[in-house]
Amino acid sequence: MDTACDEALPTAPAHGVVGVLLAAGHARRFGSDKRRVPWPGHDSLMEAALAPLQAVCPRVVAVLPPGDAWGLMRCRRLQVEVAWSFRRGDGLAASLSAALPLVRGAPAIVVALADMGDVRAATVRALIAAWQRQPGQPVLPVFGGQPGNPRLIPAVLYPRLEGLSGDDGVRRALDWAAAQRCALDDPGVLRDLDTPAGLG
């Protein structure tokens, strides 16, 4: 059952939740580095994806591919910490595993995707507020009955994320069917940039 979430809470980053942006993918279907695409209100899609995390979380970690000078420069300018994904060919799960050493002290992480530039900061706040009510469960946003991203993972589940691989590795490791479903009025949780046609 989907639970309507209060998008107004929490109001301050005292929760200690760390934002994690997975930005080490190959973007084969897009044909170029889609993270660099200019986005409304931002210099690039990656910066748009970082914005809601930075607005809410006291720390943000971006997972980048080795040798990513462009991404490193952006992260330094935005004061975002960097984790390097040396197994980028193993998919999103491997990227998430690469962030674990930097987030172990956090009570939870909000994991976002670098090709989703329309997520609202209020959505991140709502995920954290839902987790605060039931801190042992992961939380996923829902719009129109469909689950999306970003997703919140509590610290008790970090051990399940180690050594994962594949784009569906996190889905296999965590029981999202048992997660809190946070119903939100944010279509951005379903909207990713997959191909250049999505820019139209």
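Owing to the predicted nature of the structure, the values given are computational and were not obtained by experimental measurement.

Chemist: Explain the state of the cysteines here, please?
Modeler: Disulfides are covalent bonds that link the sulfur atoms of two cysteine residues. Scanning all chains against the criterion turns up one disulfide. Disulfide pairing places C5 opposite C182 at an S-S distance of 1.9 Å. A residue pair is termed long-range when its members are at least 10 positions apart, and C5 in the loop between β1 (2–4) and β2 (18–22) and C182 in strand β9 (residues 180–183) qualify at 177 residues. This pair shows no difference in class: C5 is buried, exactly as C182 is.

Chemist: Teacher, can you tell me more about the packing of helix α1 (residues 45–56) against helix α2 (residues 69–78) here?
Modeler: The description of two packed helices rests on the angle between their axes and on the distance between the axes. At a minimum axis separation of 12 Å, α1 and α2 run at an interaxial angle of 35 degrees. As for how α1 packs across α2, the hand of that crossing is right-handed. The residues of α2 that touch α1, namely those facing M46, E47, L50 and Q54, are W70, G71, R74, C75, R77 and L78. For the contact of α1 with α2, the class distribution of residues is five nonpolar, two polar and three charged.

Chemist: Hey, could you run me through the packing of α1 against helix α4 (residues 121–133) in this one?
Modeler: Between α1 and α4, the shortest axis-to-axis distance is 8 Å and the interhelical angle comes to 50 degrees. Classed by the angle they form, the pair α1 and α4 counts as oblique. In this structure, α1 crosses over α4, and the sense of that crossing is right-handed. On α4, the residues touching P52, L53, A55 and V56 of α1 are A121, V124, R125 and I128. When its residues are assigned to classes, the contact of α1 with α4 shows seven nonpolar, no polar and one charged.

Chemist: Could you clarify how one ought to interpret helix α3 (residues 92–103) in this entry?
Modeler: Here α3 contains 12 residues, and its C-alpha end-to-end distance of 17 Å stays within 8% of the 16 Å for a straight helix at 1.5 Å per residue. All buried positions along α3 are accounted for by A93, A94, S95, L96, S97, A99, L100 and V103.

Chemist: Teacher, can you tell me more about the pairing of strand β6 (residues 139–143) here?
Modeler: Consecutive side chains along a regular strand alternate between the two faces of the sheet. Burial analysis of β6 places four of its five residues in the buried class, which makes it a mostly covered element. In terms of strand pairing, β6 meets β9 through four bridges, oriented parallel. Opposite P141, over in β9, you have C182 as the bridge partner. In the sheet, β6 pairs with strand β7 (residues 146–147) via two bridges, with the strands oriented antiparallel. By the bridge assignment for β7, V142 is matched with P147.

Chemist: It is not clear to me how the nonpolar core should be interpreted in this structure. Could you clarify?
Modeler: Nonpolar side chains in soluble globular proteins tend to end up buried together. Counting residues in each nonpolar core, the largest one holds 31 residues, and the members touching the most others are L21, M46, V110, I128 and L152. Of all the elements in the fold, those that place two or more residues in this core are α1, β3 (59–64), α2, β5 (108–113) and α4. Ranked by size, the runner-up nonpolar core spans 26 residues in total, among them V20, A83, L96 and L140.

Chemist: Just to check I follow, could you spell out unusual backbone geometry for this structure?
Modeler: Outside of glycine, negative phi angles account for most residues, and trans bonds account for most peptide bonds. A cis geometry characterises the amide bond from N149 onward to P150, with omega recorded as 10 degrees. Its identity is not glycine, yet Q79 carries a phi of approximately 60 degrees, on the positive side. Note that Q79 resides in the loop between α2 and β4 (81–84). Taking the relative accessible area as the measure of exposure, Q79 reaches 73% and is therefore exposed.

The rules behind the values
Residues numbered from 1 in each chain as written. Predicted model: local features only at pLDDT ≥ 70, side-chain atom pairs only at ≥ 80, totals over all residues. Heavy atoms only, no water. Disulfide = S-S within 2.5 Å. Helix = DSSP H or I, 4+ residues; strand = E, 2+ residues; numbered from the N terminus. Buried < 20%, exposed > 50% of the residue type's maximum accessible area, 1.4 Å probe, protein only. Axes fitted to C-alpha atoms, helices over the stretch in contact; angles between N-to-C directions. Left-handed = near helix turned anticlockwise from the far one by under 90°. Contact = heavy atoms within 4.5 Å. Nonpolar A, V, L, I, M, F, W, Y, C, P; charged D, E, K, R; others polar. Parallel < 35°, antiparallel > 145°, perpendicular 65-115°, else oblique. Expected span 1.5 Å × (residues − 1). Pairing = 2+ DSSP bridges. Core = buried A, V, L, I, M, F, W, Y, C linked by side-chain atoms within 4.5 Å.

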